[in-house]
Amino acid sequence: GNRDGHLVLPAASAAEAEEAACGALAALGLPARAMVDCGYGAGCTTPQEQAAAAAAVAARVADGDGRVCGVVLSAFLKPGRQEIGAQPSQLQFGLSVTEPCLGWEDALATLEALAAAVAARRRASPPPVGRSESMPRAPFRELGAIEQTDNLRVQTIRPLLSPACAIEEVELPLQSKRLVLRARCDISAVVQGDSDRLLVLAGPPAVHDPSEAMEYAARLAALAAELESELLVVMAVNLSRSSSDADDDDAAAPGGGWAGLVTDPRLDGSVDMNSGFRAARRLLLDIAQLGLPTAVEYVDTITPQFVADLASYALVGSRQAGSRAHRELASGLSTPVGFQGGASSADAAVDAVRSAASGHAFLSVSKQGVAGIVQTTGNRDCHLVL
């Protein structure tokens, strides 16, 4: 099971809703702690509103609020956003092409304020000590067979690189594997309440340019090391459009109908997913080699087979929190998983945390790209993001 499932609640959620959500967790015997989402789509539509929401969270932490275990920020190199337009080569460097973000300077000030708040909370209340083993060894089995059928309503099916081949092409070295596992254990300690640090996920809502993402990662890695006593900083490297913010086919949403780095790595509608998965693995590996752990939001249930070995944290958006497939997926992931609560209710996310803590049996795809029957032990590191 996953003891680190937790809520991610929107910053705009009412105090009564947050109280009810944490009470529901406590009634289930789960930690009554949650992350607060100050990013775009959580009631904060501008960088200024996001910064104000994060400042309010810092004030709560400084006042000793022990329910807050983390913060989500939409942050990148430059503040705001831009349209992709007809010529992707003309895009401004370091500016989001989807939702508006905090710029680097505002994000820096926000992280320093959060670190100071943790230090104040720590002075008022000593950190907890002692914990049980978070990730006991458990077997994982896959059984399956390939079946081919006609697809009468499918326009085309192109061959997809198997996860095993993608992993072999961009393999995780031993030092980076140690970083990934250590970060997973540290995150588990935070969401379980065994560490009084704040977990901070920071990064653009969707990565569109790996070179820009690497510049941001280099800055964030240095800052993370500086603030590591109070903050556990993880870079959000979202490879697909977050369905918590906009439907992938919603042309009126920020960024239009662009589906993300994996689906459309050249921002030209070519749907070259093979190149997208290769680019995604290279990016996640490069960030790991900076010593910075990464978080990935899983919009679908196939992408994890390609990148899960590189990630230290997984996020499931509020629209997927009620999805049986995503709950089953979370029950078998080797990372802590945050389920986002909705703006009006966190009931689906709370139920997802409960469900993912138990074992499941379901159909999925193996690393070899073969359909299989997957049986999981459950993930006790699932939690709420409010």
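Fair warning: this is a prediction, and the values are worked out from it, not measured in the lab.

Notes on the overall build of the protein
The helix and strand inventory of the protein stands at 10 helices and 12 strands. For the protein, buried positions account for 54% of its 386 residues. When the accessible surface of the protein is summed, it comes to about 16400 Å², and 52% of that surface belongs to carbon and sulfur atoms.

Structural notes on the pairing of strand 9 (residues 337–340)
Judged by which residues are buried, strand 9 turns out to be covered on both faces: V337 and F339 on one side and G338 and Q340 on the other are all buried. Where strand 1 (residues 6–10) meets strand 9, three bridges bridge the pair, whose relative direction is parallel. Each bridged residue has a counterpart across the sheet, and for H6 the counterpart in strand 9 is G338. Bridging between strand 8 (residues 313–316) and strand 9 involves three bridges; their strand directions are parallel. Within strand 9, the residue paired with L315 across the bridge is G338. In this region the chain leaves strand 8, passes through helix 9 (residues 324–332) and returns to the parallel neighbour strand 9; the handedness of that crossover is right-handed. Examined bridge by bridge, strand 9 and strand 12 (residues 382–385) share four bridges and lie parallel to one another.

A closer look at the confidence of the model for the protein
Across the protein, the average pLDDT comes to 87, with 88% of residues at or above 70. Averaged pLDDT values for the elements of the protein fall to 35 in strand 4 (residues 141–143) and rise to 98 in strand 6 (residues 231–236). Ignoring residues within four places in sequence, the model shows residues 134–149, a span with pLDDT below 50, making 34 contacts including any to other chains. In the model, residues 243–253 has pLDDT below 50 throughout and makes 23 contacts with residues more than four positions away in sequence or in other chains.

A closer look at a nonpolar patch on the surface
Judged by side-chain polarity, L160, V271 and M273 come together as a nonpolar surface patch covering roughly 220 Å² of accessible area. Assignment of secondary structure puts L160 in the loop between strand 4 and helix 4 (163–169).

Focus on the pattern of salt bridges
All told, the structure shown has 17 salt bridges when counted by the stated rule. The partner of E18 in a salt bridge is R60, and the shortest N-O contact between them spans 2.5 Å. Here E18 is found in helix 1 (residues 15–27), whereas its partner R60 is found in helix 2 (residues 47–62), with 42 residues between them in sequence. Taking the relative accessible area as the measure of exposure, E18 reaches 8% and is therefore buried. One salt bridge connects R81 with E83, and the closest N-O pair in it is separated by 3.2 Å. When its relative accessible area of 52% is taken as the criterion, E83 is described as exposed. A network of salt bridges, in which partner residues are shared, links E18, E19, R60, D65 and R67.

Observations concerning the packing of aromatic side chains
Going through the model one piece at a time under the given rule, you end up with three aromatic pairs. On the basis of an interplanar angle of 50° and a centroid distance of 5.6 Å, the ring pair of F76 and Y216 is categorised as tilted. On the criterion of sequence distance, the pair formed by F76 in the loop between strand 3 (68–74) and helix 3 (104–124) and Y216 in helix 6 (residues 210–226) is long-range, its members being 140 residues apart. Here F277 and F306 contribute two aromatic rings whose centre-to-centre distance is 3.7 Å and whose plane-to-plane angle is 10°, an arrangement assigned as stacked. Note that F277 is positioned in helix 7 (residues 273–288) and F306 in helix 8 (residues 303–307), a separation of 29 residues in sequence. No difference in accessibility class separates F277 from F306, as the two residues are buried. Taken together through their ring pairs, the aromatic side chains of F76, W104 and Y216 make up a single cluster. One residue, R219, lies across the ring of W104, its end atom 5.6 Å from the ring centre.

What about the side chain of T98?
With respect to the helices and strands, T98 occurs in the loop between strand 3 and helix 3. Looking at T98, its side chain comes within polar contact range of the side chain of E99, at 3.1 Å.

Thoughts on the nonpolar core
L7, L231, F339 and L384 are the most contacted members of the largest nonpolar core, which has 83 residues in total. One finds V8, C69, I187 and V191 within the second-largest nonpolar core, a separate group that totals 15 residues.

Here we look at the pairing of strand 2 (residues 34–37)
Every second residue of strand 2 is oriented toward a common face, with A34 and V36 on one face and M35 and D37 on the other, all of them buried. Looking at chain direction, strand 1 and strand 2 are connected through three bridges and run parallel. The residue bridging V8 from the neighbouring strand is M35, located in strand 2. Following the chain from strand 1 across helix 1 to the adjacent parallel strand 2, one finds a crossover that is right-handed.

Focus on helix 1
Taking 1.5 Å per residue, 13 residues should reach 18 Å; helix 1 reaches 18 Å between its end C-alpha atoms and fits that length. Along helix 1, the residues that are buried comprise E18, A21, C22 and L25. Relative to the axis of helix 1, the buried residues are bounded by an arc of 90° and lie together on one face. Helix 1 presents E16 and A27 as exposed residues on the side facing more than 90 degrees away from its buried surface. Those residues of helix 1 hidden inside the fold are in contact with strand 1, helix 2, helix 10 (347–356) and strand 12. Just past helix 1, the residue G29 takes up positive phi, approximately 75°.

Calculation rules
Residues numbered from 1 in each chain as written. Predicted model: local features only at pLDDT ≥ 70, side-chain atom pairs only at ≥ 80, totals over all residues. Heavy atoms only, no water. Helix = DSSP H or I, 4+ residues; strand = E, 2+ residues; numbered from the N terminus. Buried < 20%, exposed > 50% of the residue type's maximum accessible area, 1.4 Å probe, protein only. Areas by Shrake-Rupley, 256 points an atom, 1.4 Å probe, with all protein chains shown as cover. Pairing = 2+ DSSP bridges. Right-handed = clockwise from strand over helix to strand, strands pointing away. pLDDT = per-residue confidence, 0-100. Contact = heavy atoms within 4.5 Å. Patch = residues over 30% accessible without salt bridge, like charges linked within 9 Å, V, L, I, M, F, W, Y side chains within 5 Å. Salt bridge = Lys/Arg side-chain N within 4 Å of Asp/Glu carboxyl O. Phe/Tyr/Trp six-rings, centres within 6.5 Å; stacked < 30°, edge-to-face > 60°. Lys NZ or Arg CZ within 6 Å of the ring centre and 35° of its normal. Polar contact = N/O pair within 3.5 Å; in protein donor to acceptor, adjacent residues only side chain to side chain. Core = buried A, V, L, I, M, F, W, Y, C linked by side-chain atoms within 4.5 Å. Expected span 1.5 Å × (residues − 1). Arc of directions from axis to C-beta.

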